[in-house]
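As a plain string of letters, each chain reads:
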Amino acid sequence: MDNGLPDTQLNSGSSTLNGLESLFGRFNYAYKNKYLLEANVRKDASSRFAKGYRSATFPSFSLGWVVSEEGF
């Protein structure tokens, strides 16, 4: 890029160096195959964000109940 005679040059270009990193973890648990738990955690980091704010952690969880496994 940016190559050729200046009076006939029709192309241009630039480059940047960026970094991105992500980590992900998951935990599943089932008690008697009817009570369910799932927990997740994700950590993201990016060089595009401002210094001091380049990474964040995002936790989540969910609960489930399999009603068809109940005895009533």
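Everything in this summary refers to the structure shown in the same document. (Residues numbered from 1 in each chain as written. Predicted model: local features only at pLDDT ≥ 70, side-chain atom pairs only at ≥ 80, totals over all residues. Heavy atoms only, no water.)

Before going further, it helps to examine the overall build of the chain. Secondary structure assignment for the chain yields zero helices and three strands. Relative to a compact globule of 72 residues, whose C-alpha radius of gyration would be 11 Å, the chain shows 25 Å and is clearly more extended. In terms of its C-alpha atoms, the chain occupies a principal-axis envelope of roughly 85 × 30 × 10 Å. A burial count over the chain gives 7% of its 72 residues as buried. Pairs at least 24 residues apart make up 30% of the contacts formed inside the chain by residues separated by at least 6 positions. Total accessible area on the chain is roughly 6600 Å²; 57% of this is exposed by carbon and sulfur atoms. In the chain, the 8 positive side-chain charges and the 7 negative ones have mean positions that sit 9 Å from each other. (Helix = DSSP H or I, 4+ residues; strand = E, 2+ residues; numbered from the N terminus. Rg over C-alpha atoms; globule rule 2.2 N^0.38 Å. Buried < 20%, exposed > 50% of the residue type's maximum accessible area, 1.4 Å probe, protein only. Contact = heavy atoms within 4.5 Å. Areas by Shrake-Rupley, 256 points an atom, 1.4 Å probe, with all protein chains shown as cover. Lys, Arg positive; Asp, Glu negative; His and termini not counted. Charge placed at Lys NZ, Arg CZ, Asp CG, Glu CD.)

For the rest of this paragraph, the subject is the environment of Ala45. Counting through the fold element by element, Ala45 comes out in strand β2 (residues 35-46). With 14 residues separating them along the chain, Ala45 and Tyr31 place their C-alpha atoms 35 Å apart. In contact with Ala45, other than residues within four places in its own chain, are Gly19, Leu20, Glu21, Arg54 and Ser55.

Let us look at the pairing of strand β1 (residues 20-31). Counted residue by residue, β1 has zero buried out of 12 residues, so it is predominantly exposed. Here β1 pairs with β2 via 12 bridges, running antiparallel. By the bridge assignment, Arg26 is partnered in β2 with Asn40. Linking two consecutive strands that pair antiparallel, namely β1 and β2, is a turn of three residues; a positive phi of about 55° is found at Lys32 within it. (Pairing = 2+ DSSP bridges.)

Attention now goes to the sheet that holds strand β3 (residues 55-65). Taking strand neighbours across the sheet as the criterion, the three strands line up as β1-β2-β3 in an open arrangement whose pairing is antiparallel. Two strands in the sheet have a free side with no partner beyond their single neighbour: β1 and β3. Across this sheet, the average inter-strand angle for adjacent strands is 10°, counted without regard to direction. Pairing between β2 and β3: 11 bridges, direction antiparallel. Bridging across to β3, Asp44 finds its partner in Ala56. (Axes fitted to C-alpha atoms, helices over the stretch in contact; angles between N-to-C directions.)

Shape descriptors only; they carry no functional weight alone.
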